[in-house]
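One-letter residues, chain by chain:
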Amino acid sequence: MEEGRAAGREEAGDPRKKKKVVRRYWEGEAPQADPEESGARGAKKARQDEASPRKLMGPGRKKTISGKVDPFPGPASVSRERVRRFQRGAGGQMGTVSNKRLKRQLARQEEKAQAAAKQAARMEMLLLEDAGFLEGDEGEDTCTIAQADIAEAVDLAAGAKHFELRLNQFGPYRVDYTRNGRHLLLGGRRGHVAALDWHTKALMCEINVMESVADVAWLHTETMFAVAQRKWLYVYDNQGVELNCLKRFHGVQRMQFLPYHFLLATASETGFLQYLDISVGTEVATICTKGGRLGVMAQNPSNAIVHLGHSNGTVTLWSPNVKEPLVRMLCHRGAVRALAVDGSGTYMATSGLDRKLHIYDLRTYRRLHSLLLPTGAGQLDFSQRGLLGAACQEIIQVYKDIVSCPPTKPYLCHSLPRPAHALRFCPFEDVLGVGHGEGFASLLVPGAGEPNFDALESNPFRSRKQRQEWEVKALLEKIPHELISLDPGQLGTVDRVSLEQRQKERVERLGYDPQAKVKFCPRKRTKGRDSAVGRLRRRKKVAAEEQRAAIRKSISQRQKGEQRPCPQAPKAPQGQRSALDRFQK
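From a predicted model like this one, the values you see are computed outputs, not experimental measurements.

Each value, and the rule that gives it
- Residues numbered from 1 in each chain as written.
- Predicted model: local features only at pLDDT ≥ 70, side-chain atom pairs only at ≥ 80, totals over all residues.
- Heavy atoms only, no water.
- UniProt positions renumbered as here; feature names shortened; annotations may be inferred.
- Helix = DSSP H or I, 4+ residues; strand = E, 2+ residues; numbered from the N terminus.
- Phe/Tyr/Trp six-rings, centres within 6.5 Å; stacked < 30°, edge-to-face > 60°.
- Buried < 20%, exposed > 50% of the residue type's maximum accessible area, 1.4 Å probe, protein only.
- Pairing = 2+ DSSP bridges.
- Axes fitted to C-alpha atoms, helices over the stretch in contact; angles between N-to-C directions.
- Salt bridge = Lys/Arg side-chain N within 4 Å of Asp/Glu carboxyl O.

K.L.:
It is not clear to me how the UniProt feature "coiled-coil region" (unreviewed entry) in the protein should be interpreted in this structure. Could you clarify?
P.N.:
Look at the UniProt record and you will see "coiled-coil region" (unreviewed entry) annotated at residues 99-126. For residues 99-126, helix accounts for 86% and strand for 0%, while the C-alpha atoms at its two ends are 42 Å apart.

Spelled out as structure tokens, the structure:
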């Protein structure tokens, strides 16, 4: 019956696939197919395979909508050097992990980190801007090119970034930029404080605190800033309204804001280093540095370690979790005047009263090279691209590639009407902001800033809604101050020395090693004489006996040590005894 239906569909030309007939063992062997018919079917199938584009593409190739074959299948290849630039830390050593579940989690995290680094390296080719430096004509030094000539050579938008503010009534001025480089904060020593959007020259607020101002600093956004006044530390909003007066922070001289931890680090004239958590408004740590007046301060952007310069020529590295300095370096024979740390956290520049500029490698804490300046540098700052700005009285010098080799001449020079009191490179801009006795100067330094910015991290053109969303995400991703350490790569690793010490102390406390011997497993008895309760009772009995024997042994050893006779001094002969010998026990 089934054979008749199949034959009927074949004669009628039914396009449906023919159902294979299953033959039972009692029906005998299947009839042999005609060789001519099978050969014709094979030739037809071969012709269909040759005409099929899927077979032509081969394995791993995709057919596009137009029907053409992709000549470059798979993702674009990325060089290892480019991927290595975006990798953070060394890969995990999963060979020492015995837990299978933990090993799978670590492997999954490692895959995600590798994929993120490859994706970032692949997207780098889509960046539109490129960095460039100033190049002079043949036989011309770039340090002789004036700011007016640079402003004339660049376009109108870049030329408008070179300007000067004449404020000779309340100076000298301290300067600070926001993280995205859009807003500028000025603080005069005679009480003048101003915040403005320096791109559009729009003034946000301008107040006079009627006290001397030592330093100013932006907080996490452009809506709040801190001012170190003569007595206490004050916090204002972008309209100039006082939000808080922190009387526990007395006589503050310098301030540094740690953005990923929401910590404001302050250095006072009495030698105290204090940390304020601005997200909750509490004081995290107060450390007495015992180094006198603290007027030189900088932070390491890579690990949030605070660097302090002292009058005895030393530089100390501090963390809010330790009351003692993590590192103490002797950098100068005289007092330290200024210091700066580059963006990668690898190099540190210091200047002192000996008029020398030293470059140190923070990985080995060794001096790389030195430079003798005519008058010494009172202010130092690194740019995002590695340029070093130095303020030598009223002369501003910018050095290029100073960490690789000692330069013979500066990259740029500029003269100010008064000595400089603050120096700060603007993020994501080729601009150097200088505060001096007669106001503020914005200098053009080609190649100083990073040409491309991460809009999710620091967006100079974000709206109010984007700023609010970023603030909420930053608070959720806030790093606790307990994780600040000299080597961030140690986080997540196992401290094997402490683990072994803890195990040793546990053995001494218990009197036996609970992990030394395999636990007793009672054997099962015959049917009817065995039960789970009985096995548990026997297991507890054996464990108690072993523990009791170990405790007896430790107690006996302790008693033997106590009963050991103490060595007595030999008695003097009868003729050499004195009257005080009768009081000896």
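K.L.:
Even after reading the chapter, I still don't get the packing of aromatic side chains, so can you show me in this structure?
P.N.:
Centre distance and the angle of the planes are the two values used to describe a pair of aromatic rings. One pass over the structure, following the stated rule, counts nine aromatic pairs. When the ring of Phe-163 is compared with that of Phe-440, the centres are 6.0 Å apart and the planes differ by 50°; the resulting orientation is tilted. Placement of Phe-163 in strand β1 (residues 163-166) and of Phe-440 in strand β28 (residues 439-444) is noted, with a sequence separation of 277 residues between them. By relative accessible area, which is 14% here, Phe-163 ends up buried. On the numbers, 6.3 Å between centres and 25° between planes, the contact of Tyr-234 with Tyr-236 is stacked.

K.L.:
What is the right way to look at the sheet that holds strand β6 (residues 213-218) in this model?
P.N.:
Strands pair in a sheet through their backbones, by hydrogen bonds, and they do so in one of two ways: parallel or antiparallel. Across the sheet, which stays open at both edges, the four strands sit in the order β6-β7-β8-β9 with antiparallel pairing between neighbours. The open sheet terminates on both sides in strands that have one partner only, identified here as β6 and β9 (242-250). Averaged over all adjacent pairs, the angle separating strand axes in this sheet is 20°, with direction ignored. In terms of strand pairing, strand β7 (residues 224-229) meets strand β8 (residues 232-237) through five bridges, oriented antiparallel. Bridge assignment links Val-227 to a residue of β8, and that residue is Tyr-234.

K.L.:
Would you mind showing me how to read the pairing of strand β2 (residues 173-177) here?
P.N.:
Moving residue by residue along a regular strand, the side chains alternate between the two faces of the sheet. Taking burial as the measure, the five residues of β2 include five buried ones, the bulk of the element. Burial of the side chains of β2 extends over both faces: Tyr-173, Val-175 and Tyr-177 are buried on one face and Arg-174 and Asp-176 on the other. Both β2 and strand β3 (residues 183-188) contribute to a ladder of five bridges, which runs antiparallel. Paired with Arg-174 across the strands is Gly-187, a residue of β3. Turn length for the β2-β3 hairpin, with the two strands adjacent in sequence and antiparallel, is five residues, and the turn residue Gly-181 shows positive phi of about 75°.

K.L.:
It is not clear to me how the pattern of salt bridges should be interpreted in this structure. Could you clarify?
P.N.:
Two side chains bearing opposite charge may form a pair once their charged atoms approach each other closely. Considering all chains together, one arrives at 17 salt bridges under this definition. With a closest N to O distance of 2.6 Å, Asp-277 and Lys-478 form a salt bridge. You can see Asp-277 sitting in strand β12 (residues 272-277) and its partner Lys-478 sitting in the loop between α8 (464-476) and α9 (496-510), a full 201 residues away along the chain. In this structure Asp-277 comes out as buried when scored by relative accessible area, which is 7%. Residue Arg-363 pairs with Asp-361 through a salt bridge whose shortest N-O separation is 3.1 Å. Three or more residues joined by partner-sharing salt bridges are found here, namely Glu-164, Arg-166, Arg-418 and Glu-438.

K.L.:
Explain the sheet that holds strand β17 (residues 327-330) here, please?
P.N.:
Across the sheet, four strands lie side by side as β14-β15-β16-β17; this open sheet has antiparallel pairing. In the strand order of this sheet, the two ends are held by β14 (296-299) and β17, each with one partner. Each strand of the sheet is rotated relative to its neighbour by a mean of 20°, with strand direction disregarded. Across four bridges, strand β15 (residues 306-309) lies against strand β16 (residues 314-318) in antiparallel orientation. For Val-306, the partnering residue across the bridge sits in β16 and is Trp-318.

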